[in-house]
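Commentary on secondary and tertiary structure
Spelled out from the first residue to the last, the chains are:
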Amino acid sequence: MTAVLQWWRGLRASEQQMLRVAAVVLALGLFMTLVWQPLHQHLASSQAQAKAASAQLQWLSQQMPLLANSQVAAGGSLNDKIAQTSRLFGINVSRMQPKNDQLDLMLEDVPFEQLLRWLQTLQQEQGVALVMLEITEAEQSGMVRVRRLVVE
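Here we summarise the structure given alongside this text. (Residues numbered from 1 in each chain as written. Predicted model: local features only at pLDDT ≥ 70, side-chain atom pairs only at ≥ 80, totals over all residues. Heavy atoms only, no water.)

**Description of the overall build of the protein**
What counts, and what does not: Every helix listed is a DSSP run of H or I at least four residues long, and every strand listed is a run of E at least two residues long, numbered separately from the N terminus. Atoms considered for the radius of gyration are the C-alpha atoms alone. The globule rule reads 2.2 Å times the number of residues to the power 0.38.
Of regular secondary structure, the protein possesses four helices and five strands. Taken from N to C terminus, the helices and strands of the protein fall in the order α-α-α-β-β-β-α-β-β. Here the C-alpha radius of gyration of the protein, 38 Å, is well above what a compact globule of 152 residues would show, namely 15 Å. Here the C-alpha coordinates of the protein stretch approximately 120 × 30 × 20 Å along the principal axes.

Okay, here's the thing in structure tokens:
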């Protein structure tokens, strides 16, 4: 240590000043390389992860109603879904005949718009697929007769 002090004292004032400035620049460079840059990279990485997590949360929030509907659709047999929703919509099923994974239905006269709303509910909320629909015009205006409705 005394050798370093002797060497330091042997330098001119301008050389000592230049070495002090170089030491400060070196310390700043080391600080930037060893402390600041890793912290900045970690912060940027954390922000990107937070942004991705936020986007995923938003997507999941949008999917929740669909998941809830699919869980409702998963519950109960096809017969149950048809029976429950037809009662809800005031639709009278005159014949319900199971065939493999499908149901063959015949309905009493029903208002056309009501039939469409019921079929939409069956498809979108209950997960029931419409395979075939055969309708004819009923005697009363706005009413239809469903001769054959096949769902699965």
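**Remarks on the environment of V146**
Where we set the bar: Should any heavy atoms of two residues lie within 4.5 Å, those residues are considered in contact.
Mapped onto the fold, V146 is located in strand β5 (residues 143-151). Distance in space between the C-alpha atoms of V146 and V110 is 8.0 Å, their sequence separation being 36 residues. Beyond its immediate chain neighbours, meaning those up to four positions away, V146 contacts M106, L107, V110, L115, L133, E134 and I135.

**Digging into the environment of W7**
For clarity, the cut-off: Relative accessible area decides the class of each residue, using a 1.4 Å probe on protein chains only: under 20% of the type maximum gives buried, over 50% gives exposed, and in between gives partly exposed.
Inspection of the secondary structure puts W7 in helix α1 (residues 2-9). You can call W7 partly exposed: its relative accessible area is 49%. Sequence separation between W7 and I135 is 128 residues; the distance between their C-alpha atoms is 107 Å.

**Overview of the packing of helix α3 (residues 78-89) against helix α4 (residues 112-124)**
Cut-off, in case you're wondering: Angular values range over 0 to 180 degrees, each being the angle between N-to-C directions of two axes fitted as lines to C-alpha atoms, with helices fitted over their stretch in contact. In this scheme, a crossing is called left-handed if the near helix is turned counterclockwise away from the far one by less than a right angle; it is called right-handed if the turn is clockwise. Only Asp, Glu, Lys and Arg are considered charged, only Ala, Val, Leu, Ile, Met, Phe, Trp, Tyr, Cys and Pro nonpolar, and every remaining residue, Gly among them, polar.
Axis separation between α3 and α4 bottoms out at 10 Å; the angle between their running directions is 145 degrees. Crossing of α3 against α4: the hand is right-handed. Together, K81, I82, T85, S86 and F89 of α3 and Q114, R117, W118, T121 and L122 of α4 make up the contact between the two elements. Split by residue class, the contact of α3 with α4 holds four nonpolar, four polar and two charged.

**Concerning the pattern of salt bridges**
Once their charged atoms are close, side chains differing in charge can pair, the charge on each being opposite to the other. Where we set the bar: A pairing counts as a salt bridge when a side-chain nitrogen of Lys or Arg comes within 4 Å of a carboxyl oxygen of Asp or Glu.
Counting across every chain of the model gives five salt bridges. In this structure, the salt-bridge partner of R12 is E15, at a minimum N-O distance of 3.5 Å. The class of R12 is exposed, set by a relative accessible area of 57%. Using a relative accessible area of 27% as the deciding quantity, one classes E15 as partly exposed. Between R145 and D109 there is a salt bridge, with the nearest N and O atoms lying 2.9 Å from each other. With R145 in strand β5 and D109 in the loop between β2 (102-107) and β3 (110-111), the pair connects residues that are 36 residues apart, well separated along the chain. Each of the salt bridges in this network shares a partner with another, and the network as a whole consists of R95, K99, D104 and R148.

**Some thoughts on the nonpolar core**
The criterion, for reference: In plain words, nonpolar cores are sets of buried Ala, Val, Leu, Ile, Met, Phe, Trp, Tyr and Cys residues tied together by side-chain atoms within 4.5 Å.
If you look at the biggest cluster of nonpolar residues, it comprises 17 residues, and the most contacted ones within it are I82, L105, L107, L115, W118, L149 and V151. Elements with a contribution of two residues or more to this core: α3, β2, α4 and β5. If sequence neighbours within four positions are ignored, I82 has contacts with V93, M96, L103, L105, W118, L122 and V151.

**Focus: the pairing of β5**
For the record, the criterion: When DSSP finds two or more bridges between two strands, those strands count as paired.
Of the strand pairs in this sheet, β2 and β5 are connected by three bridges, and their pairing is antiparallel. The residue of β5 that forms the bridge with L103 is V151. With two bridges connecting them, β3 and β5 associate as antiparallel partners. Paired with V110 across the two strands is V144, which belongs to β5.

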